[in-house]
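Chain and residue survey
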Amino acid sequence: MSLDIVTVMDSIESISIGKDSTFALLLEAQRRGHRLLYVLPGGLSVQAGAACAQVATLIVRDDPAGWYELGQRSLIALDSSHVVLMRTDPPVDANYLHDTQILSLAQRAGALVVNDPQGLRDMNEKLAALEFPQCCPPTLVTRQAPALKAFVAEHGEVVLKPLDGMGGRSIFRASHGDANVNVILETLTEGGRHLAMAQRYLPEIAAGDKRILLIDGEPVPYCLARIPQGDEFRGNLAAGGRGEGRPLTERDRWIAAQVGPEMQRRGMLLVGLDVIGDYLTEVNVTSPTCIRELDGQFGLNIAGLLFDRIEARHQQAELAAR
């Protein structure tokens, strides 16, 4: 069974193939004989009521000297013959949301969209974790600086962050009595206009911020602990953290079991859970990473697990349409 894999992603010329999970997905799709179609930047549109994409055929190679080749360009209407991988990085801004609305039209025309565009719209990656309060550390989300300051005073040491960041950007560690708390809160909330999140600081971050990958609700048996380096408290790889693979703990599996069925129900086939110590801190649905690192350390094929599910779902849809 050969499929057309239509990939919406950040510019392919700028990726780091040794770390890029979308690239891992492209390599696996090509290995299975699927045709790769790369959506050119800004290439989604609606024409005559149909979701369309300006695409180029794509060949990928696991070679840092030349990892992609674009071929013939065309405008296609997205329908049941297509699997669409929606893999652009945050921010989830108006442009991103509009693209997911176009992909909902494609979904109605029969395309299999990974992840489900409705879920991408509904699930802010930080707020989504709070749908599972039994898994989370003490957390406050508000625009009100006095409430955030009271939270800092209550817990002594906290992490403060915006709801729309990624890669560790604009994350602050603050303590009660810190003279910078007021300016941090002013910056994050823009004077009370934007929501900010405060979470009790988890000293277990020193042992790593674990990324657990769920494939159609089921956890990969290993996680990547992203360990802060030097004087940095953030473990994000983009902030200089070191990635160390580990088997899932019993608590990790319990958290995955709490979150996985809901992700499966919502059609979120590839999800990344961020876990510090015993606590869930984020649910990443836009463009979860760490596939390449885990594959390399443990000899896995995580993209293969995902494409097993994609092919099974596509086949089920074809049978149901007959």
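Residues numbered from 1 in each chain as written. Predicted model: local features only at pLDDT ≥ 70, side-chain atom pairs only at ≥ 80, totals over all residues. Heavy atoms only, no water.

**Re the overall build of the chain**
To keep things clear, this is the line we draw: Secondary structure elements follow DSSP: runs of H or I of four or more residues count as helices, runs of E of two or more count as strands, with numbering from the N terminus. Whether a residue is buried, partly exposed or exposed follows from its accessible area with a 1.4 Å probe, protein chains only, as a fraction of its type maximum: under 20%, in between, or over 50%, in that order. By the convention used here, residues are in contact when the closest approach between their heavy atoms is within 4.5 Å. Computed with a 1.4 Å probe, the accessible areas rest on the Shrake-Rupley method; for each residue, only the protein chains presented here act as cover. Only four residue types enter the charge count, namely Lys and Arg as positive and Asp and Glu as negative; His and the chain termini do not. Charged groups are reduced to one reference atom each: NZ for lysine, CZ for arginine, CG for aspartic acid, CD for glutamic acid.
For the chain, the count of helices and strands is eight helices and 16 strands. Its C-alpha atoms give the chain principal-axis dimensions of roughly 60 × 45 × 40 Å. In the chain, which comprises 322 residues, the proportion classed as buried is 50%. Sequence separation of 24 or more characterises 66% of the internal contacts of the chain that already satisfy a separation of 6 or more. Counting only carbon and sulfur atoms, one obtains 48% of the accessible surface of the chain, whose full area is about 14,200 Å². Taken together, the 31 basic and 40 acidic charged side chains of the chain have centroids lying 1 Å from each other.

**Examining the state of the cysteines**
Using the following cut-off: Only a pair of cysteine sulfur atoms within 2.5 Å qualifies as a disulfide here.
For the structure shown, the criterion picks out zero disulfides. C290 supplies the cysteine sulfur nearest to C223, a cysteine that is in no disulfide, at a spacing of 9.5 Å. Judged by its relative accessible area of 0%, C223 falls in the buried class.

**Overview of the packing of aromatic side chains**
Stated formally: Here a pair means two rings of Phe, Tyr or Trp (six-membered ring of Trp) with centres within 6.5 Å. Their orientation is stacked below 30 degrees between planes, edge-to-face above 60, and tilted elsewhere. In this scheme, Lys NZ or Arg CZ marks a charge over a ring once it lies within 6 Å of the ring centre and within 35 degrees of the ring normal.
Summed over all chains, the structure comprises two aromatic pairs. Ring centres of W67 and Y68 lie 6.1 Å apart, and the angle between their planes is 50 degrees; this geometry places the pair in the tilted category. For W67, a relative accessible area of 17% corresponds to the buried category. Consider the rings of Y222 and F298, whose centres lie 4.0 Å apart with planes at 15 degrees: the pair is stacked. Of the two residues, Y222 sits in strand β13 (residues 222-227) while F298 sits in helix α7 (residues 291-298), which places them 76 residues apart along the sequence. When the ring centre of Y201 is taken as origin, the NZ or CZ atom of R173, which lies over that ring, is 4.1 Å away.

**A closer look at unusual backbone geometry**
In this structure, the amide linkage connecting P90 to the following residue, P91, adopts the cis form with an omega of 20 degrees. Turning to its location among the elements, P91 is positioned in the loop between β5 (82-86) and α2 (94-108). Of note, the bond from V114 into N115 is cis; its omega dihedral lies within 30 degrees of zero at 0 degrees. Along the chain, the position of N115 falls in the loop between β6 (112-114) and α3 (117-122). A positive phi angle, near 55 degrees, is found at A48, a position not held by glycine. Relative to the elements of secondary structure, A48 occurs in the loop between β2 (35-47) and β3 (50-60).

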